[in-house]
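So you can see what is in the structure, the chains are spelled out below.
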Amino acid sequence: MTGLAGGALGVPLGVTLHGWVVPAMGHSAGLNLPDSVLAVYHATELGLLVLGGLLIAVLGALLPASWAARVRTATALRTE
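Treat the numbers as computed from the prediction; the structure is a model and nothing was measured.

## Quick word on the overall build of the protein
When helices and strands are tallied, the protein shows 4 helices and 0 strands. What you see in the protein, going N to C, is helices and strands ordered as α-α-α-α. Radius of gyration (C-alpha) of the protein: 20 Å, far over the 12 Å computed for a compact globule of 80 residues. Within the protein, buried positions represent 8% of all 80 residues.

Pasting the structure below:
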């Protein structure tokens, strides 16, 4: 669930920041960047980014989950 929440918040936030920071950097350098430079993310790419984030979250949770599944309950609670 944490990975899903991170992907749901991180991807739109990253796209929004990209749309704000890149034009600001261009304007500070005296450039007017075309839309082809600014619109680099498409729906399929964003979907792949979200799926990739979920995959990383699941893979990161497998090691602690497998350890917790093998350990007795009292031992797991003592290590918290």
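Picking up where we left off.
## A short note on a nonpolar patch on the surface
On the surface, Leu-13, Leu-17, Trp-20, Val-21 and Met-25 cluster together to form a nonpolar patch covering roughly 540 Å² of accessible area. Looking at the element boundaries, Leu-13 is found in helix H1 (residues 2-28).

## Re the environment of Pro-23
Within the secondary structure layout, Pro-23 lies in helix H1. Considered as a pair, Pro-23 and Pro-34 are 11 residues apart in the sequence and their alpha carbons are 9.3 Å apart.

Calculation notes
- Residues numbered from 1 in each chain as written.
- Predicted model: local features only at pLDDT ≥ 70, side-chain atom pairs only at ≥ 80, totals over all residues.
- Heavy atoms only, no water.
- Helix = DSSP H or I, 4+ residues; strand = E, 2+ residues; numbered from the N terminus.
- Rg over C-alpha atoms; globule rule 2.2 N^0.38 Å.
- Buried < 20%, exposed > 50% of the residue type's maximum accessible area, 1.4 Å probe, protein only.
- Patch = residues over 30% accessible without salt bridge, like charges linked within 9 Å, V, L, I, M, F, W, Y side chains within 5 Å.
- Areas by Shrake-Rupley, 256 points an atom, 1.4 Å probe, with all protein chains shown as cover.
- Salt bridge = Lys/Arg side-chain N within 4 Å of Asp/Glu carboxyl O.

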